[in-house]
Amino acid sequence: MTQDELKQAVARAAIAHVEGDIIGVGTGSTANFFIDELAKIKHQIKGTVASSEATAARLAAHGIAVLDLNDVAEIAVYIDGADEITEQGAMIKGGGAALTREKIVASVSKKFVCIADGSKLVDVMGKFPLPVEVLPMARNAVARQLAALGGQPKLRLKAGTDEAFVTDNGGNILDVAGLAITDPKGLEAQINQIVGVIAVGLFAARGADVCLLGTADGVRTLT
Ligand code: 5RP
(Lines give C-alpha, C1' and ligand atoms only; values in the text may rest on other atoms or scores of the structure.)
Protein backbone atom coordinates (compact mmCIF):
# COMPACT_ATOMS: atom_id res chain seq x y z
CA MET A 1 0.00 0.00 0.00
CA THR A 2 1.18 3.54 -0.69
CA GLN A 3 1.51 6.10 2.09
CA ASP A 4 -1.59 7.86 0.72
CA GLU A 5 -3.57 4.60 0.80
CA LEU A 6 -2.54 4.10 4.45
CA LYS A 7 -3.64 7.67 5.22
CA GLN A 8 -6.97 7.06 3.47
CA ALA A 9 -7.49 3.85 5.46
CA VAL A 10 -7.06 5.64 8.82
CA ALA A 11 -9.22 8.53 7.63
CA ARG A 12 -12.03 6.06 6.90
CA ALA A 13 -11.49 4.30 10.25
CA ALA A 14 -11.72 7.65 12.07
CA ILE A 15 -15.36 8.02 11.05
CA ALA A 16 -16.25 5.38 13.67
CA HIS A 17 -14.81 7.79 16.29
CA VAL A 18 -16.99 10.72 15.30
CA GLU A 19 -19.23 11.59 18.23
CA GLY A 20 -21.21 14.63 19.36
CA ASP A 21 -22.50 17.27 16.98
CA ILE A 22 -19.36 19.41 16.62
CA ILE A 23 -16.09 17.91 15.39
CA GLY A 24 -12.62 19.45 15.70
CA VAL A 25 -10.72 19.00 12.46
CA GLY A 26 -6.94 19.03 12.02
CA THR A 27 -4.69 20.04 9.16
CA GLY A 28 -2.56 18.20 6.63
CA SER A 29 -2.87 15.48 4.01
CA THR A 30 -4.27 12.84 6.42
CA ALA A 31 -6.76 15.34 7.85
CA ASN A 32 -7.74 16.20 4.25
CA PHE A 33 -8.62 12.54 3.60
CA PHE A 34 -10.66 12.62 6.82
CA ILE A 35 -12.55 15.72 5.65
CA ASP A 36 -13.46 13.90 2.44
CA GLU A 37 -14.85 11.00 4.52
CA LEU A 38 -16.64 13.36 6.90
CA ALA A 39 -18.43 14.92 3.93
CA LYS A 40 -20.21 11.59 3.40
CA ILE A 41 -21.85 11.80 6.86
CA LYS A 42 -22.16 15.58 7.10
CA HIS A 43 -25.92 15.38 7.73
CA GLN A 44 -25.13 13.62 11.05
CA ILE A 45 -23.24 16.59 12.53
CA LYS A 46 -24.03 20.22 13.26
CA GLY A 47 -20.64 21.56 12.26
CA THR A 48 -16.89 21.64 12.74
CA VAL A 49 -14.15 23.79 14.21
CA ALA A 50 -11.17 24.05 11.86
CA SER A 51 -7.51 24.20 12.91
CA SER A 52 -6.39 26.25 9.88
CA GLU A 53 -7.63 28.40 7.03
CA ALA A 54 -6.81 25.55 4.59
CA THR A 55 -8.94 23.09 6.56
CA ALA A 56 -11.78 25.63 6.85
CA ALA A 57 -11.71 26.10 3.06
CA ARG A 58 -11.79 22.34 2.38
CA LEU A 59 -14.66 21.81 4.85
CA ALA A 60 -16.61 24.68 3.32
CA ALA A 61 -16.01 23.32 -0.19
CA HIS A 62 -17.74 20.12 0.95
CA GLY A 63 -20.68 22.13 2.33
CA ILE A 64 -19.73 21.34 5.95
CA ALA A 65 -20.44 24.16 8.42
CA VAL A 66 -17.34 25.72 10.00
CA LEU A 67 -17.98 27.35 13.38
CA ASP A 68 -16.00 30.00 15.25
CA LEU A 69 -14.41 28.44 18.34
CA ASN A 70 -15.65 31.44 20.34
CA ASP A 71 -19.21 30.20 19.74
CA VAL A 72 -18.45 26.64 20.86
CA ALA A 73 -18.15 25.60 24.52
CA GLU A 74 -17.11 21.99 24.05
CA ILE A 75 -16.01 19.65 21.28
CA ALA A 76 -16.47 15.89 21.77
CA VAL A 77 -13.68 14.77 19.48
CA TYR A 78 -10.71 16.28 17.64
CA ILE A 79 -9.26 14.34 14.70
CA ASP A 80 -5.84 15.20 13.28
CA GLY A 81 -2.60 13.78 11.88
CA ALA A 82 0.91 13.92 13.33
CA ASP A 83 4.51 14.09 12.17
CA GLU A 84 5.71 11.71 14.88
CA ILE A 85 3.86 9.83 17.62
CA THR A 86 4.96 7.59 20.48
CA GLU A 87 3.14 4.55 21.90
CA GLN A 88 2.20 6.86 24.82
CA GLY A 89 0.38 9.28 22.50
CA ALA A 90 2.88 12.16 22.65
CA MET A 91 3.27 13.82 19.25
CA ILE A 92 5.29 16.22 17.16
CA LYS A 93 2.93 18.28 15.00
CA GLY A 94 3.23 21.40 12.90
CA GLY A 95 4.75 20.12 9.68
CA GLY A 96 1.79 21.88 8.06
CA ALA A 97 2.39 25.02 10.19
CA ALA A 98 -0.98 24.82 11.96
CA LEU A 99 0.34 23.76 15.39
CA THR A 100 -1.01 26.71 17.38
CA ARG A 101 -4.62 26.43 16.24
CA GLU A 102 -4.35 22.63 16.40
CA LYS A 103 -3.29 22.90 20.04
CA ILE A 104 -6.11 25.32 20.83
CA VAL A 105 -8.84 23.20 19.22
CA ALA A 106 -7.41 20.04 20.83
CA SER A 107 -7.42 21.76 24.24
CA VAL A 108 -11.20 22.20 24.17
CA SER A 109 -11.86 18.71 22.82
CA LYS A 110 -12.72 15.84 25.13
CA LYS A 111 -10.96 13.25 22.99
CA PHE A 112 -8.00 13.53 20.59
CA VAL A 113 -7.93 10.90 17.85
CA CYS A 114 -4.65 10.89 15.94
CA ILE A 115 -4.67 9.43 12.44
CA ALA A 116 -1.34 8.59 10.84
CA ASP A 117 0.43 6.16 8.58
CA GLY A 118 2.63 3.68 10.47
CA SER A 119 5.88 5.45 9.55
CA LYS A 120 5.00 8.17 12.09
CA LEU A 121 5.35 5.84 15.11
CA VAL A 122 8.71 6.31 16.87
CA ASP A 123 10.34 5.31 20.17
CA VAL A 124 12.00 8.68 20.73
CA MET A 125 10.75 11.82 18.98
CA GLY A 126 13.04 14.38 17.40
CA LYS A 127 14.12 12.99 14.06
CA PHE A 128 11.38 15.18 12.54
CA PRO A 129 12.50 18.77 13.30
CA LEU A 130 10.31 20.22 16.05
CA PRO A 131 8.22 23.18 14.79
CA VAL A 132 7.99 26.18 17.11
CA GLU A 133 5.75 29.13 16.17
CA VAL A 134 7.21 32.48 17.21
CA LEU A 135 6.38 36.15 17.02
CA PRO A 136 8.41 37.51 14.08
CA MET A 137 10.22 40.16 16.18
CA ALA A 138 11.43 37.47 18.60
CA ARG A 139 12.55 34.81 16.13
CA ASN A 140 16.31 35.30 16.59
CA ALA A 141 16.02 35.68 20.37
CA VAL A 142 13.96 32.48 20.59
CA ALA A 143 16.33 30.69 18.19
CA ARG A 144 19.26 31.42 20.53
CA GLN A 145 17.37 29.92 23.47
CA LEU A 146 16.40 26.84 21.46
CA ALA A 147 20.06 26.40 20.49
CA ALA A 148 20.96 26.60 24.20
CA LEU A 149 18.59 23.65 24.75
CA GLY A 150 20.68 21.62 22.29
CA GLY A 151 18.64 22.12 19.13
CA GLN A 152 19.51 23.51 15.72
CA PRO A 153 16.68 25.95 14.85
CA LYS A 154 16.11 26.89 11.24
CA LEU A 155 13.66 29.52 10.06
CA ARG A 156 11.00 27.98 7.79
CA LEU A 157 10.86 29.74 4.42
CA LYS A 158 8.01 30.26 2.00
CA ALA A 159 8.48 27.58 -0.68
CA GLY A 160 10.80 28.66 -3.47
CA THR A 161 11.76 31.97 -1.79
CA ASP A 162 14.16 33.23 0.85
CA GLU A 163 11.32 34.98 2.72
CA ALA A 164 10.11 33.77 6.11
CA PHE A 165 6.99 31.60 5.99
CA VAL A 166 4.05 33.36 7.69
CA THR A 167 1.40 31.29 9.51
CA ASP A 168 -2.37 31.88 9.65
CA ASN A 169 -1.66 33.78 12.90
CA GLY A 170 1.02 36.06 11.45
CA GLY A 171 3.78 34.08 13.17
CA ASN A 172 6.99 32.50 11.86
CA ILE A 173 8.12 28.90 12.33
CA LEU A 174 11.47 27.69 13.64
CA ASP A 175 12.08 24.01 12.79
CA VAL A 176 14.39 22.63 15.45
CA ALA A 177 16.58 19.69 14.40
CA GLY A 178 18.92 17.63 16.56
CA LEU A 179 16.71 17.09 19.61
CA ALA A 180 16.35 13.60 21.10
CA ILE A 181 13.12 14.15 22.99
CA THR A 182 13.35 11.74 25.91
CA ASP A 183 11.16 13.90 28.20
CA PRO A 184 8.40 15.29 25.94
CA LYS A 185 6.33 16.91 28.74
CA GLY A 186 9.42 18.52 30.29
CA LEU A 187 10.65 19.92 26.97
CA GLU A 188 7.17 21.18 26.07
CA ALA A 189 7.00 23.06 29.39
CA GLN A 190 10.53 24.46 28.94
CA ILE A 191 9.88 25.77 25.41
CA ASN A 192 6.51 27.22 26.46
CA GLN A 193 8.44 29.37 28.97
CA ILE A 194 10.52 31.10 26.30
CA VAL A 195 9.22 34.63 25.77
CA GLY A 196 8.25 35.12 22.13
CA VAL A 197 7.09 31.53 21.61
CA ILE A 198 3.47 31.34 20.46
CA ALA A 199 3.27 27.55 20.63
CA VAL A 200 5.52 24.52 20.39
CA GLY A 201 4.57 21.56 18.21
CA LEU A 202 5.10 19.10 21.05
CA PHE A 203 1.75 17.66 22.10
CA ALA A 204 2.68 15.79 25.27
CA ALA A 205 0.85 17.45 28.18
CA ARG A 206 -2.25 16.91 26.04
CA GLY A 207 -1.41 14.04 23.73
CA ALA A 208 -3.61 11.72 21.70
CA ASP A 209 -6.16 9.57 23.54
CA VAL A 210 -6.43 7.17 20.62
CA CYS A 211 -4.15 6.70 17.63
CA LEU A 212 -5.22 4.96 14.44
CA LEU A 213 -2.09 3.82 12.63
CA GLY A 214 -2.19 2.67 9.02
CA THR A 215 -0.07 -0.45 8.45
CA ALA A 216 0.21 -3.04 5.68
CA ASP A 217 -1.74 -5.42 7.96
CA GLY A 218 -4.60 -2.97 8.48
CA VAL A 219 -5.44 -0.17 10.90
CA ARG A 220 -3.78 -0.62 14.29
CA THR A 221 -5.38 1.15 17.28
CA LEU A 222 -3.19 2.51 20.10
CA THR A 223 -4.98 3.68 23.26
C1 5RP B 1 -0.08 20.22 10.47
C2 5RP B 1 0.17 18.96 11.20
C3 5RP B 1 -0.11 17.68 10.48
O4 5RP B 1 -1.03 16.96 11.22
C5 5RP B 1 1.17 16.91 10.33
O6 5RP B 1 2.13 17.72 9.68
C7 5RP B 1 0.95 15.60 9.53
O8 5RP B 1 0.66 15.92 8.21
P9 5RP B 1 0.29 14.83 7.13
O10 5RP B 1 -1.03 14.26 7.52
O11 5RP B 1 0.26 15.60 5.85
O12 5RP B 1 1.38 13.78 7.15
O13 5RP B 1 0.57 18.93 12.33
O14 5RP B 1 0.33 21.34 11.20
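Above this text you will find the structure in question.
Residues numbered from 1 in each chain as written. Predicted model: local features only at pLDDT ≥ 70, side-chain atom pairs only at ≥ 80, totals over all residues. Heavy atoms only, no water.

Visitor: Account for the site of the ligand, naming residues and giving values.
Guide: Around the ligand there are 17 residues in total, and Ser29, Thr30, Asp83, Gly94 and Lys120 lie nearest to it. In this structure, an oxygen atom belonging to the ligand sits 3.4 Å away from a side-chain N or O atom of Asp80. A distance of 3.3 Å separates an oxygen atom of the ligand from a polar backbone atom of Gly81. Coverage of the ligand by the protein amounts to 91% of the 380 Å² it exposes when considered alone. Taken together, the residues of the shell around the ligand break down into three nonpolar, eight polar and six charged. (Near = heavy atom within 4 Å. Polar contact = N/O pair within 3.5 Å; in protein donor to acceptor, adjacent residues only side chain to side chain. Areas by Shrake-Rupley, 256 points an atom, 1.4 Å probe, with all protein chains shown as cover. Nonpolar A, V, L, I, M, F, W, Y, C, P; charged D, E, K, R; others polar.)

Visitor: Could you give me a rundown of the environment of Val176, with the residues and numbers involved?
Guide: Inspection of the secondary structure assignment puts Val176 in strand S9 (residues 172-177). Judged by its relative accessible area of 1%, Val176 is buried. Dropping the residues within four chain positions of it, Val176 is found in contact with Pro129, Leu130, Val132, Leu146, Gly151, Gln152 and Pro153. (Helix = DSSP H or I, 4+ residues; strand = E, 2+ residues; numbered from the N terminus. Buried < 20%, exposed > 50% of the residue type's maximum accessible area, 1.4 Å probe, protein only. Contact = heavy atoms within 4.5 Å.)

Visitor: Help me get a handle on the packing of aromatic side chains, residues and values and all.
Guide: Applying the stated rule across the entire model yields two aromatic pairs. Each ring, one from Tyr78 and one from Phe112, has its centre 5.0 Å from the other, and the planes form 80°; the classification is edge-to-face. Of the two residues, Tyr78 is situated in strand S3 (residues 75-80) and Phe112 in strand S6 (residues 109-117); the sequence distance between them amounts to 34 residues. Seen from their ring centres, Phe112 and Phe203 are 6.5 Å apart, and the 80° between their planes marks the pair as edge-to-face. Linking Phe112 in strand S6 with Phe203 in strand S11 (residues 202-203), this pair joins segments that are 91 residues apart in sequence. As far as the burial class goes, Phe112 and Phe203 line up, both buried. Counting every residue linked through ring pairs, the aromatic cluster contains Tyr78, Phe112 and Phe203. (Phe/Tyr/Trp six-rings, centres within 6.5 Å; stacked < 30°, edge-to-face > 60°.)

Visitor: I'd like a description of the nonpolar core, backed by residues and values.
Guide: Ranked by size, the top nonpolar core spans 23 residues in total, and within it Val18, Phe34, Leu38, Ile79 and Ile115 carry the most contacts. Counting residues per element, the ones that place at least two in this core are helix H1 (3-14), strand S1 (22-25), helix H2 (29-38), helix H3 (53-61), S3, S6 and strand S12 (210-215). A per-element tally of this core places H2 first, with four residues. Apart from residues lying up to four places away in sequence, Phe34 is in contact with Ala11, Ala14, Ile15, Val18, Ile23, Val25, Ile79 and Ile115. By size, the runner-up hydrophobic cluster in this structure holds 22 residues, among which are Ile92, Val122, Leu146 and Leu187. (Core = buried A, V, L, I, M, F, W, Y, C linked by side-chain atoms within 4.5 Å.)

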